[in-house]
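Residues per chain are reported as follows:
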Amino acid sequence: MFPFTEPALAFLRIPTSQNALAAAILPLAALLSWRIWRFTIQPFFFPNEPEELPYWIPYFGHARSFFQDFNAALDNGRKYFKDTKVPYSVWIAGTRIYIVTAPTDVADLDRNTTTLSYHDTIRDMYKWIGATQDTINKLFVLDPSTPYNANLSRPILAVSMLTEYHRQQASPGKKLDELLHDRIIPSMYHALDFDDLHEHPSVLGRTAEGVRISLLDLCSQLFVRSTAEAFLGRTIWKVNPDLLRSFRAWERTNWKFMYQIPEFMSKDMMSAKDDIIHTFVKYFQVPIAERRDSSFFAQTVESMLREMECSEQEMAKIFLLHFWAILGNVYKVAFWAIAYLVYDAKLLEDIRTEIVPAMEDHKLNEEHLIENSPRLHSLVNEVLRLCVTSGLVRDIVKPTLIQGKVLREGSKLMIPYRQLHLNRDVWGQDPCSIKPERFVINTKLINSKSYRPFGGGHTLCPGRFLARRSVSFAVALLVGRFNISVDTERKENGEQKKAGDSVLSFPKMDTTKPSPGASLPHEGDDVIVFLRKYTKF
Ligand code: HEM
């Protein structure tokens, strides 16, 4: 109900002839008073608290700007505080979130496990995916009697054991080598064999000289398909030959999951999520004897969850969250690395020169590649800097001191990695431009506190070795086997497009939505490349 009714205006001694004017002015005056109180006067009473980024709409605060463009909203915060990197807070629909961007603060927060909680944040993800309270208790309540704890000197939570199994699978050593060399790399060779595969899913067209492909599709085949099969075995395709399509739909819509958009506005995300969960349920129903070709991780996690008496439905939800981490980032990093190469002939030649000695009889020697490819590794590191836009989010469970300011308990803390990765003090005045050789010129940058593509502290990504090695291998294999160029002959909508048309311009990264890792190009933006066999090897 509108608050300024006639009796109220009379009480305020405002003549009714001026009602319309008053009706407009009074709410504005009230809003202005509230704003002055909240952002000018109130901070005087709480000098120990970080400043708040001002806003105009009470309760909702910055919800709209963060919803519209997550990273632009963070950049506005940076500019408002004049790039001083002081911690500040934003108010989003009833929640206070502290934003921390100073590299030294980030390093301190990494060590903090007493006043910040990671588990509260992860518990929310399990709740949102639809896990029952019983499953959440099984994951987050310590039970020293469970079989997986039997051989440990100190019992741990089931949710930590899941991460431990990732570490065992993907840390340097026999299990990672086996995963890469016996499973992922053979699938990559297969995905790049366009001769054998007439119905190759990424091929848009063929000529006598070569094939025309969608780079996004190719990266999906090279990484998502090969890694899913490497972890789950071939049965996964028997259960659902269309899993990649569901995963692609999930990738485009999972920001709605992160924002917890109501169901009626996120039917596309819900449907992709349900498809994947349903696929995993059917996968678990296939007798284990028929799934012996799955990975150590998949087998161990499945048997651990069965021992904990989780239903197949609940196991499938847990698997979705973990396979999102396994499959959701690597292909995007590869997409951007290849896109930069395709658009920079000199860079492409430099990388090719570097990897030529690792090629023999069309095969690539990974050991040689690891030891002798500083430029390739620098490119991958630089691409990670530019495309990882995720942030660390934690719950503040006790007052937390940063730069002499106290962050309130009950609020959230966010470290936006993109802000660190574009920190002008470290990356120069043009941090958004790619400098592929940056990490060769200054090898110390890899350890910079402003560089965290895989997070840090006790939640440092356990998949980082697998990610780096598989991206470097696939990029090198592609460069070593093919002459790659942007497809200038591309026909779209029946029209012949020429170089310089927008369809040929470099794809734009979609940083508008929160991502749990790397960002995709905007929907519809892709690179159509032409691959000609490279005949020198
Ligand atoms: C380029 C690829 C990847 C990027 C950019 C990436 C990035 C990250 C980041 C930033 C975190 C930290 C999250 C936090 O602290 O809140 C993380 C955690 C994690 N990542 Fe990755 N990741 C990648 C690939 C992988 C792969 C291939 C796997 C599995 C094989 C994986 C599994 C995980 C898991 C399980 C966690 C949670 C760790 C924990 O809870 O302690 N990631 N990743």
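Parameters and conventions
Every chain begins its residue count from 1, and numbering advances along the sequence as written. Selection of residues for local features in this predicted model requires a pLDDT of at least 70, selection of side-chain atom pairs for listing and counting requires 80 or more, and totals for whole chains, interfaces and linings are taken over all residues. Side-chain descriptors were evaluated using all non-hydrogen atoms of the structure, hydrogens and water having been removed beforehand. UniProt positions are given in the numbering used here, feature names are shortened, and annotations may be inferred rather than shown by experiment. Only DSSP runs of H or I reaching four residues or more are called helices, and only runs of E reaching two or more are called strands; each is numbered from the N terminus. Type-normalised accessible area, obtained with a 1.4 Å probe on protein chains alone, sets the label of each residue: buried when under 20%, exposed when over 50%, and partly exposed for intermediate values. A pair of strands is treated as paired once DSSP finds two or more bridges between them. Whether two residues are in contact is decided by their heavy atoms: any pair within 4.5 Å suffices. Angles shown run from 0 to 180 degrees and are taken between the N-to-C directions of axes, each axis being a line fitted to C-alpha atoms and, for helices, limited to the stretch in contact. A score between 0 and 100, pLDDT records how confident the predictor is in each residue. Note that domain bounds follow an automatic or database assignment of domains. Put simply, two rings from Phe, Tyr or Trp (the six-membered ring, in Trp's case) pair if the centres are within 6.5 Å, and we call them stacked under 30 degrees between planes, edge-to-face over 60, tilted for the rest. In this analysis the charged atom, NZ for Lys or CZ for Arg, is taken to sit over a ring once it is within 6 Å of the ring centre and within 35 degrees of the ring normal. Polar contacts, as used here, are pairs of N or O atoms within 3.5 Å; protein pairs need one atom able to donate a hydrogen and one able to accept it. Residues neighboring in sequence count only if both atoms are side-chain atoms. What makes a nonpolar core is a set of buried Ala, Val, Leu, Ile, Met, Phe, Trp, Tyr and Cys residues whose side-chain atoms join them at distances within 4.5 Å. Angles below 35 degrees are treated as roughly parallel, those above 145 as roughly antiparallel, those between 65 and 115 as roughly perpendicular, and all remaining angles as oblique. Helix crossings get a hand from a simple test, with the near helix turned counterclockwise from the far one by less than a right angle marking a left-handed crossing and a clockwise turn marking a right-handed one. Under the convention adopted here, Pro, Cys and the residues Ala, Val, Leu, Ile, Met, Phe, Trp and Tyr are nonpolar, Asp, Glu, Lys and Arg are charged, and Gly plus all remaining residues are polar.

Novice: For the UniProt feature "binding site: heme" (unreviewed entry) in the chain, give the residues involved together with the corresponding values.
Specialist: Here the UniProt-annotated "binding site: heme" (unreviewed entry) positions come out as Cys461. Following the sequence through the fold, Cys461 ends up in the loop between α22 (438-441) and α23 (464-481). Judged by its relative accessible area of 25%, Cys461 is partly exposed.

Novice: I'd love a proper account of the UniProt feature "transmembrane region" (unreviewed entry) in the chain, names of residues and values included.
Specialist: Under the present numbering, the feature "transmembrane region" (unreviewed entry) in UniProt falls on residues 20-37 and 318-343. What you have in residues 20-37 is 100% helix and 0% strand, and the ends, taken at the C-alpha atoms, are 26 Å apart. In residues 318-343, the share of helix is 88% and the share of strand is 0%. The end C-alpha atoms are 39 Å apart.

Novice: Which residues make up the sheet that holds strand β1 (residues 51-52), and what are the values?
Specialist: Read across the open sheet, the six strands follow the order β1-β2-β3-β12-β9-β4; overall the sheet is mixed. Since the sheet does not close on itself, it has two edges, and those belong to β1 and β4 (116-117), each with one partner. By the bridge criterion, two bridges tie β1 to strand β2 (residues 88-92) in an arrangement that is parallel. Bridge pairing in β2 places Glu51 opposite Tyr88. Of the strands in this sheet, β2, β3 (95-99) and β12 (412-416) are in contact with helix α4 (residues 70-80), which crosses β2 at around 140 degrees. Across the face of the sheet, helix α6 (residues 119-129) comes into contact with β4, β9 (391-396) and β12 while running at roughly 105 degrees to β9.

Novice: Account for the confidence of the model for the chain, with residues named and values stated.
Specialist: Residues with a pLDDT of 70 or more make up 93% of the chain, whose mean pLDDT is 91. Every residue in residues 1-5 scores below 50 in pLDDT, and together they form five contacts with partners more than four places removed in sequence or on other chains. Note on residues 493-497: pLDDT is under 50 here. Beyond four places in sequence and across chains, it has eight contacts.

Novice: Kindly report on the domain arrangement of the chain, identifying the contributing residues and their values.
Specialist: Splitting the chain by domain gives domain 1 (1-45) and domain 2 (131-388 + 422-533). Each of domain 1 and domain 2 has a C-alpha centre, and these two points are 55 Å apart.

Novice: Provide a residue-level description of the packing of aromatic side chains, including the pertinent values.
Specialist: In this description, a pair of aromatic rings is defined by centroid distance and the angle of the planes. Summed over the entire model, instances satisfying the criterion amount to 34 aromatic pairs. Taking 5.7 Å as the distance between ring centres and 45 degrees as the angle between the ring planes, the aromatic pair formed by Phe280 and Phe323 counts as tilted. Separated by 43 residues along the polypeptide, Phe280 in helix α13 (residues 267-285) and Phe323 in helix α15 (residues 312-327) bring together distant segments of the chain. As far as the burial class goes, Phe280 and Phe323 line up, both buried. A ring pair is formed by Phe284 and Phe319, whose centres lie 4.9 Å apart and whose planes are at 85 degrees; its orientation type is edge-to-face. Of the two residues, Phe284 sits in helix α13 while Phe319 sits in helix α15, which places them 35 residues apart along the sequence. Of the two residues, Phe284 and Phe319, both sit in the buried class. In this structure, Arg35 is placed above the aromatic ring of Trp56, and the distance from its NZ or CZ to the ring centre is 4.1 Å. Positioned above the aromatic ring of Trp91, the side-chain terminus of Arg38 is 5.0 Å from the ring centre.

Novice: Outline the sheet that holds strand β6 (residues 210-214), listing residues and values.
Specialist: Two orientations exist for strands paired in a sheet by backbone hydrogen bonds: parallel and antiparallel. Pairing within the open sheet is antiparallel, and its four strands lie in the order β5-β6-β16-β13. Looking at the sheet topology across the chains shown, the edges are occupied by β5 (203-206) and β13 (482-486). Between one strand axis and the next, the sheet turns through 25 degrees on average, direction left out of account. Pairing of β5 with β6, which is carried by three bridges, proceeds in the antiparallel orientation.

Novice: Tell me what's going on with the side chain of Glu366, and back it up with residues and numbers.
Specialist: If you trace the backbone, Glu366 turns up in helix α18 (residues 366-372). Apart from residues lying up to four places away in sequence, Glu366 is in contact with Leu180, His181, Arg469 and Phe473.

Novice: Describe the environment of Leu460, with residues and values.
Specialist: Of note, Leu460 is situated in the loop between α22 and α23. Leu460 sits 350 residues away from Asp110 along the chain, and the two C-alpha atoms are 9.5 Å apart. Apart from the residues lying within four places of it in its own chain, the contact partners of Leu460 are Phe454 and Gly455.

Novice: How would you explain the environment of Arg452 if you had to name every residue and give the values?
Specialist: Within the secondary structure layout, Arg452 lies in the loop between α22 and α23. Excluding residues within four positions of it along the chain, Arg452 makes contact with Val106, Asp110, Leu392, Tyr417, Leu420 and His421. One polar contact links Arg452 to Asp110, side chain to side chain, over a distance of 2.7 Å.

Novice: How would you summarise the nonpolar core if you had to cite specific residues and measurements?
Specialist: One recurring pattern in soluble globular proteins is that nonpolar side chains are buried together. Residues Tyr126, Phe223 and Phe280 are the most contacted members of the largest nonpolar core, which totals 130 residues. With residues near it in sequence (within four places) discarded, Phe223 still touches Met188, Ala228, Val330, Tyr331, Ala334, Ser470, Val471 and Ala474. Counting 13 residues, the second largest nonpolar core, distinct from the first, contains Leu109, Leu116, Ile402 and Tyr417.

Novice: A description of the packing of helix α16 (residues 330-342) against helix α19 (residues 374-387) should follow, citing residues and the corresponding values.
Specialist: α19 packs onto α16 with a crossing angle of 115 degrees between their chain directions and a minimal axis gap of 9 Å. On the basis of the axis angle, α16 is roughly perpendicular to α19. By crossing handedness, the relation of α16 to α19 is classed as right-handed. Contacts from Val333, Trp336, Ala337, Tyr340 and Leu341 in α16 reach Leu379, Val383, Leu384, Leu386 and Cys387 in α19. Each residue belonging to the contact of α16 with α19 can be placed in one class, and the counts come to 10 nonpolar, no polar and no charged.

Novice: Kindly report on the side chain of Ser472, identifying the contributing residues and their values.
Specialist: Within the secondary structure, Ser472 is located in helix α23. Classification of Ser472 as buried rests on a relative accessible area of 5%. Of the polar contacts made by the side chain of Ser472, one reaches the backbone oxygen of Arg468; its length is 2.9 Å. Aside from chain neighbours lying at most four places away, what touches Ser472 is Leu369, Leu376, His377 and Val380.

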